[in-house]
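Each chain, letter by letter, is given below.
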Amino acid sequence: MNDKNEKITKLPQGKLHVPNFPVIPHIVGDGCGPDIWEASRPVIDAAVQSVYGEERRIVWRELLAGQKAHDTLGTWLPEETMATIRECLVGIKGPLTTPVGGGIRSLNVALRQGLDLYCCVRPVRYFEGIESPVKHPEKVDMVIFRENTEDIYAGIEFIAESAEAYAFYKWLQGEHPERAAKVRFPYSSGYGVKPVSREGTERLVRAAILYALQNNRPSVTLVHKGNIMKFTEGAFRDWGYELAKREFGACPIGKGSSLQLPSGLIIKDCICDAFLQEILLHPADHSVVATLNLNGDYCSDALAAQVGGIGISPGANINYVTGHAIFEATHGTAPDLAGKDVVNPSSFLLSSAMMLRYIGWGQAADALEGAIAKTIALGQVTSDLAEQMSGATMLGTRAFGEAIISHLSV
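Summary of the structure given here. Just so you know, these numbers come straight off a predicted model, no measurement behind them.

1. What to know about the nonpolar core
In terms of nonpolar packing, the biggest core is built from 96 residues, with Phe 145, Ile 209, Val 220, Ile 267, Leu 356, Trp 361 and Ile 376 touching the most fellow members. With eight residues, helix α1 (residues 33-52) is the largest single contributor of residues to this core. Other than its neighbours up to four places away in sequence, Ile 376 contacts Phe 127, Glu 128, Ile 130, Val 381, Leu 385, Met 389 and Phe 400. In this structure, Ile 27, Trp 76, Ile 85 and Leu 96 belong to the second largest nonpolar core, which totals 13 residues.

2. Here's the deal with the pattern of salt bridges
Two side chains with opposite charge may pair up if their charged atoms get near one another. Per the stated rule, a full pass over the model turns up 24 salt bridges. Close ionic contact of Asp 297 with Arg 146 constitutes a salt bridge, the shortest N to O distance being 3.7 Å. Pair noted here: Asp 297 is in helix α10 (residues 293-307) and Arg 146 is in strand β8 (residues 141-147), with a separation of 151 residues, a long-range link. The partner of Asp 366 in a salt bridge is Arg 357, and the shortest N-O contact between them spans 2.4 Å. Its relative accessible area of 48% is what places Asp 366 among the partly exposed residues. With relative accessibility at 36%, the residue Arg 357 sits in the partly exposed group. Counted as one network, the salt bridges with shared partners bring together Glu 202, Arg 206, Arg 246 and Glu 247.

3. Some thoughts on the layout of surface pockets
Rolled over the atoms, a probe sized like a water molecule indicates the empty space that remains. Roughly 1,100 Å³ of internal volume is contained in the largest pocket. If you trace the largest pocket, you find 38 residues lining it, with Tyr 211, Asn 215, Tyr 320, Arg 357 and Tyr 358 closest to the centre. Elements represented by at least two residues in the lining of the largest pocket include exactly β7 (119-125), β8, α7 (198-214), β16 (314-318), α11 (346-358) and α12 (362-377). Per element, the largest residue contribution to the lining of the largest pocket is six residues, and it comes from α7. When grouped by side-chain class, the residues that make up the lining of the largest pocket number 22 nonpolar, six polar and 10 charged. Counting only elements with at least two residues in the lining of the second largest pocket, the list comes to β9 (156-158), α5 (163-175) and β10 (191-193). Its residues assigned to classes, the lining of the second largest pocket comprises 11 nonpolar, two polar and five charged.

4. Overview of the packing of α7 against helix α8 (residues 233-248)
Axes are the key here: two packed helices are described by the angle between their axes and the distance separating the axes. Where α7 contacts α8, the two axes come as close as 9 Å, and the packing angle between them is 55°. Looking at the two axes, α7 sits oblique to α8. In the crossing of α7 with α8, the sense of the turn from one axis to the other is right-handed. On the side of α7, the interface is formed by Arg 198, Thr 201, Glu 202, Leu 204, Val 205, Arg 206, Ile 209, Leu 210 and Leu 213, while α8 contributes Phe 236, Trp 239, Gly 240, Glu 242, Leu 243, Ala 244, Arg 246, Glu 247 and Phe 248. A per-class count over the contact of α7 with α8 returns 10 nonpolar, two polar and six charged.

What counts and how
- Residues numbered from 1 in each chain as written.
- Predicted model: local features only at pLDDT ≥ 70, side-chain atom pairs only at ≥ 80, totals over all residues.
- Heavy atoms only, no water.
- Core = buried A, V, L, I, M, F, W, Y, C linked by side-chain atoms within 4.5 Å.
- Buried < 20%, exposed > 50% of the residue type's maximum accessible area, 1.4 Å probe, protein only.
- Helix = DSSP H or I, 4+ residues; strand = E, 2+ residues; numbered from the N terminus.
- Contact = heavy atoms within 4.5 Å.
- Salt bridge = Lys/Arg side-chain N within 4 Å of Asp/Glu carboxyl O.
- 1 Å grid on protein atoms, 1.4 Å probe; cavity = no way out; pocket = protein on both sides within 12 Å on 5 of 7 lines; lining within 4 Å.
- Points joined across faces, edges and corners; volume = space filled by probe spheres on them.
- Nonpolar A, V, L, I, M, F, W, Y, C, P; charged D, E, K, R; others polar.
- Axes fitted to C-alpha atoms, helices over the stretch in contact; angles between N-to-C directions.
- Parallel < 35°, antiparallel > 145°, perpendicular 65-115°, else oblique.
- Left-handed = near helix turned anticlockwise from the far one by under 90°.

Now the structure itself:
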């Protein structure tokens with residue numbers, strides 16, 4: 001079959017059909033995005049070639065979003081970009097600016113909500129050679145499953161002293177006067193709505209459990225603030241446990257609330273503030289984490305700091321039902337570093353490895369991750385990591401990419 005320049009498709013049984021030359025859209029990104037893309041594309045292509053030779057190759061297709069789209073087309077997120085990702089299923093992006101003063105609240109959130117990418121998947125691991133602020137960073141090996149479409153990121157807010165805020169308070173006062181009485185300064189308060197659904201919870205927890213089973217992980221921790229927000233975050237915890245029992249045959253163990261699947265996988269929970277202590281004191285006790293949107297934002301960045309910073313933290317936004325996935329650099333645009341050949345492309349490259357694994361090209365993903373690890377272990381790093389490592393050789397963005405390529409076959 002001639003499958004050059006073909007799109008990835010979803011098969012009826014739920015798996016992806018990936019041709020040997022799949023079209024994968026990419027968004028270069030704003031600020032330091034072009035520096036990262038120019039250094040990373042040769043590395044990704046070389047990793048694929050190192051394993052598959054000329055039999056497989058990614059056919060890149062650039063899409064516009066962010067500042068480049070606004071300057072060119074007058075819109076921050078063109079419909080063509082959304083339509084193309086919907087059609088091609090899998091894409092990757094650099095960091096995007098958040099418009100100031102108007103327009104889309106967040107381009108990243110708009111992409112996630114527009115494509116219903118309900119899982120934000122953030123693996124966090126340590127790379128040998130990086131000098132971490134914690135004593136044993138090598139004990140950190142977690143995968144965060146962050147719910148991506150609900151919680152306060154739904155963006156349902158009423159600005160203080162507006163007619164909408166006043167109407168919301170008057171409704172609260174009329175329907176739930178005991179709750180309205182808890183608002184100390186009702187007429188100068190802004191209000192936000194925090195939706196958390198059973199369906200949204202179940203599809204996230206299901207994905208986390210399946211990932212743990214498929215990757216031989218020992219546990220899934222449900223992280224929440226259910227002791228205070230009982231009907232949202234508390235419900236998230238309860239619905240997660242119920243799903244584990246109903247769909248995976250989990251049974252109670254011990255005296256607490258923890259469950260165990262027939263495979264031995266443990267399902268447990270932890271209050272979010274306690275979890276932020278746990279990742280410092282007992283990181284080895286947690287493997288896969290399922291949590292809500294805001295908690296996931298906090299926890300994934302805190303974990304990244306333990307292993308060297310967000311510059312080496314990959315991420316993906318996935319809908320496991322439709323197959324749609326956007327892989328991304330998880331850091332900001334760093335406009336002050338743009339064009340200076342100093343930014344670290346590791347977040348984008350490690351996200352690319354996640355993408356390769358997602359489309360079934362696991363050997364290329366292993367080759368890419370291995371070459372990145374070898375380069376870092378040798379102390380050949382960009383300035384952000386060199387500042388944390390004794391005796392490191394500081395490389396520019398492009399030179400760092402070239403060093404990775406040199407280690408692909410070593």
